[in-house]
Amino acid sequence: RVNLQYRLAGVEGMTLDAKVERNSERYARPDILRLPAVTTVDIGVRYDTMFIGRNVAIRLQGMNLTNQFGLSPAASGQITPLDSRRFEFSLAFDM
C-alpha cells in the first residue's frame, strides 16, 4: 500500500491525497480456492477553512476508481466482494 498527501502551496487549506493498494494472490481455503490479485486506486481532496468562527473540513473521495473486481477472504471462511467504484462527500465542523 502506498499513501500520498500533498498540500497545494497556492491554495491555503487544500490537501490532495491518493492511495494505491495491492492485494496479492492468496488462498481463501488452503489448496482449494485461490483468489486473484487485485490493485485499487483511491483519490481525494480536502479543504479546511473557517465558517462563522468554526473550523470546517470539506472532503470529496473517489474509491476504487478503476472499478476493479476482487474478493476478500475472512478468517471465518466467508468470501466478500470488494466495493465497486464509489464517491463520498463529507462535511465536518467543530461545535
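Given the structure is predicted, the values throughout are model-derived calculations rather than measurements.

J.: I would appreciate a short explanation of the environment of Tyr 27 in the present structure.
T.: By the element assignment, Tyr 27 lies in strand E3 (residues 26-29). Measuring from C-alpha to C-alpha, the distance between Tyr 27 and Arg 46 comes to 37 Å, with 19 residues separating the pair along the chain.

J.: Whenever I open this one, a nonpolar patch on the surface confuses me. Can you help?
T.: A surface patch of nonpolar side chains, amounting to about 840 Å² of accessible area, comprises Val 11, Tyr 47, Ile 58, Leu 60, Phe 89, Leu 91, Phe 93 and Met 95. Residue assignment for the nonpolar patch shows that the elements contributing at least two residues are strand E6 (54-63) and strand E9 (86-93). Of the residues forming the nonpolar patch, the biggest block, three residues, is contributed by E9. Looking at the secondary structure, you find Ile 58 in strand E6. Exposure remark for Ile 58: the relative accessible area of 30% places this residue in the partly exposed category.

J.: When you look at the side chain of Thr 40 in this model, what are you seeing that I'm missing?
T.: Following the sequence through the fold, Thr 40 ends up in strand E5 (residues 38-51). Setting aside residues up to four positions removed in sequence, Thr 40 forms contacts with Lys 19, Val 20, Glu 21, Asn 64 and Leu 82.

J.: Teacher, can you tell me more about the sheet that holds E5 here?
T.: Whether parallel or antiparallel, the strands of a sheet pair through hydrogen bonds between backbone atoms. Ordered by their spatial adjacency, five strands build an open sheet running E1-E2-E5-E6-E9, and the pairing between neighbours is antiparallel. Two strands lie at the open edges of the sheet, namely strand E1 (2-7) and E9, each paired on one side alone. Ignoring which end each strand starts from, the neighbouring axes of this sheet average 15° apart. Pairing geometry for strand E2 (residues 14-23) and E5, over ten bridges, is antiparallel. Bridge pairing links Thr 15 to Arg 46 in E5.

J.: What should I look at first to understand the pattern of salt bridges in this one?
T.: Two side chains bearing opposite charge may form a pair once their charged atoms approach each other closely. Scanning all chains against the criterion turns up eight salt bridges. One salt bridge connects Glu 21 with Arg 1, and the closest N-O pair in it is separated by 3.2 Å. On the criterion of sequence distance, the pair formed by Glu 21 in strand E2 and Arg 1 in the segment before E1 is long-range, its members being 20 residues apart.

J.: So what exactly am I meant to see when it comes to unusual backbone geometry here?
T.: Comment: phi is negative for the bulk of residues other than glycine, and the bulk of peptide bonds are trans. One non-glycine residue, Ile 52, adopts positive backbone phi at about 50°. Note that Ile 52 resides in the loop between E5 and E6. Residue Ile 52 is classed as exposed on the basis of its relative accessible area of 72%.

Definitions and limits used
Residues numbered from 1 in each chain as written. Predicted model: local features only at pLDDT ≥ 70, side-chain atom pairs only at ≥ 80, totals over all residues. Heavy atoms only, no water. Helix = DSSP H or I, 4+ residues; strand = E, 2+ residues; numbered from the N terminus. Patch = residues over 30% accessible without salt bridge, like charges linked within 9 Å, V, L, I, M, F, W, Y side chains within 5 Å. Areas by Shrake-Rupley, 256 points an atom, 1.4 Å probe, with all protein chains shown as cover. Salt bridge = Lys/Arg side-chain N within 4 Å of Asp/Glu carboxyl O. Buried < 20%, exposed > 50% of the residue type's maximum accessible area, 1.4 Å probe, protein only. Contact = heavy atoms within 4.5 Å. Pairing = 2+ DSSP bridges. Axes fitted to C-alpha atoms, helices over the stretch in contact; angles between N-to-C directions.

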